[in-house]
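Examination of the molecular architecture
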Amino acid sequence: MENGGVRVHGESGQAVLLLPGGAESCDGFFPGLVEGLVADPGCRVIVHDRPGTGTATDDGALADAASHLSALIDSLDCGPVVVVGQSLGGAVAVLLAREHPEKVAGLVLLDPTPIDDPRTCAGLERAVGVLGKLSTVPVLRHVFPRVVKAAVLRAARRQDLRPDCEAAFVRTADADLPTLGRAVRGITALSKEVRGAALPRLPAVVVTADRKPDTAMRRSHERFAAAFGGRVECWPGATHSVHLDHPDETLATVRELVSEVGRAA
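Moving on: the overall build of the chain. Each helix and strand in the chain was counted, giving 11 helices and 8 strands. The C-alpha atoms of the chain give 17 Å as radius of gyration, which agrees with the globular expectation for 265 residues (18 Å, within 12%). Projected onto its principal axes, the C-alpha positions of the chain cover 55 × 40 × 40 Å. Taking all 265 residues of the chain together, 48% fall into the buried category. Counting every atom, the chain has about 12200 Å² of accessible surface; 53% of that belongs to carbon and sulfur. The centroid of the 29 positive side-chain charges in the chain is displaced by 8 Å from the centroid of its 33 negative side-chain charges.

Once that is clear, we can look at the environment of Pro-101. One can find Pro-101 in the loop between helix 3 (88-99) and strand 6 (104-110). Looking at Pro-101, the relative accessible area reads 35%, which means it is partly exposed. On a C-alpha basis, the gap between Pro-101 and Gly-196 in space is 17 Å, while along the polypeptide they are 95 residues apart. If near-sequence neighbours (up to four positions away) are discounted, Pro-101 is found in contact with Leu-96 and Pro-200.

In this section: unusual backbone geometry. Along the chain, Asp-40 connects to Pro-41 via a cis peptide bond; the corresponding omega equals 15°. Turning to its location among the elements, Pro-41 is positioned in the loop between helix 1 (33-39) and strand 4 (44-47). Between Gly-79 and Pro-80 the backbone carries a cis peptide bond, its omega angle lying at -5°. As for its placement among the helices and strands, Pro-80 is situated in the loop between helix 2 (65-76) and strand 5 (81-86). Of note, Asp-77 is a non-glycine position whose phi angle comes to about 50°, a positive value. Mapped onto the secondary structure, Asp-77 falls in the loop between helix 2 and strand 5. Asp-77 gets classed as exposed once you look at its relative accessible area, which sits at 69%. One non-glycine residue, Asp-111, adopts positive backbone phi at about 45°.

One ladder, built from 3 bridges, connects strand 2 (residues 6-9) with strand 4; its direction is antiparallel. Across the sheet, residue Arg-7 finds its bridge partner in strand 4, namely Val-47. Summarising the sheet, strand 3 (residues 15-19) and strand 4 pair through 3 bridges and their orientation is parallel. Among the inter-strand pairings, Val-16 is bridged to a residue of strand 4, identified as Val-45. Crossover strand 3 to strand 4 through helix 1 is right-handed.

So, about the packing of helix 4 (residues 118-134) against helix 7 (residues 177-184). Two numbers describe how helix 4 lies on helix 7: the axes approach to 8 Å, and their chain directions differ by 150°. Taken as axis vectors, helix 4 and helix 7 run roughly antiparallel relative to one another. Of the two elements, helix 4 crosses helix 7, and the hand of that crossing is left-handed. Contacts from Glu-125, Val-128, Leu-131 and Gly-132 of helix 4 reach helix 7 at Leu-177, Pro-178, Leu-180, Gly-181 and Val-184. Split by residue class, the contact of helix 4 with helix 7 holds 6 nonpolar, 2 polar and 1 charged.

Under the definition given, this model contains 11 salt bridges. Among the ionic pairs, Arg-211 bridges to Asp-111, the shortest N-O distance being 2.8 Å. Here Arg-211 is found in the loop between strand 7 (204-207) and helix 9 (216-228), whereas its partner Asp-111 is found in the loop between strand 6 and helix 4, with 100 residues between them in sequence. What makes Asp-111 buried here is its relative accessible area of 0%. Connected through salt bridges with shared partners, the residues Asp-74, Glu-102 and Lys-103 form a single ionic network.

The rules we used
- Residues numbered from 1 in each chain as written.
- Predicted model: local features only at pLDDT ≥ 70, side-chain atom pairs only at ≥ 80, totals over all residues.
- Heavy atoms only, no water.
- Helix = DSSP H or I, 4+ residues; strand = E, 2+ residues; numbered from the N terminus.
- Rg over C-alpha atoms; globule rule 2.2 N^0.38 Å.
- Buried < 20%, exposed > 50% of the residue type's maximum accessible area, 1.4 Å probe, protein only.
- Areas by Shrake-Rupley, 256 points an atom, 1.4 Å probe, with all protein chains shown as cover.
- Lys, Arg positive; Asp, Glu negative; His and termini not counted.
- Charge placed at Lys NZ, Arg CZ, Asp CG, Glu CD.
- Contact = heavy atoms within 4.5 Å.
- Pairing = 2+ DSSP bridges.
- Right-handed = clockwise from strand over helix to strand, strands pointing away.
- Axes fitted to C-alpha atoms, helices over the stretch in contact; angles between N-to-C directions.
- Parallel < 35°, antiparallel > 145°, perpendicular 65-115°, else oblique.
- Left-handed = near helix turned anticlockwise from the far one by under 90°.
- Nonpolar A, V, L, I, M, F, W, Y, C, P; charged D, E, K, R; others polar.
- Salt bridge = Lys/Arg side-chain N within 4 Å of Asp/Glu carboxyl O.

Shape is all these values report; function is a separate question.
Here it is, written out as structure tokens:
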């Protein structure tokens, strides 16, 4: 079903809302996940680009993402939903669960942006903002894309990715940096609200990349898991793009979470 830029795959079953990272389009961001969840256990999977991201034509702010998604869930009459979010999409999933807990049945957070860590978020917002501005400078705007593309291609060659996952990874080189800068604008202020705030107890899995335990990202992920009453998963060799370098494990984890939600219901 397609409705106003929203595509719902599947006819029945638990609704699953996908939230991609950065300002990326949801279409094709999670290779194999939509088809896998529709086939087993028979989910309805919502593919949507919120305002200010992907192919959406409306401007949107990060601070408004949770209210927009809450209204979307109401319009589709499919809540509460299981939310799968990667990177910034994971941060948006946390905001949705915090602001509208009745709309969320469970969470799978894939190396989420640490939106409970103001210091890290401030550095991210500042760095992405600077890159966005630099990419519009006349002398740099043609050089930047080539440099980014070359770096992404080198990274792709270092990984043994499934062909569809490699294609999705390479597409990230086409990211619009000014749009990304707008997408993360305000994350520092939001992180100050989330830091220490009560979060609802619900089925949750936080998948963290294979990095040192004392990093700010890893500590944030452990806090999220503890706050939601869920668990942390870490797969050997997993990177920030865990949905691409571990697609089978990602699908299995979402299926398991959907089953857990069904048992709880």
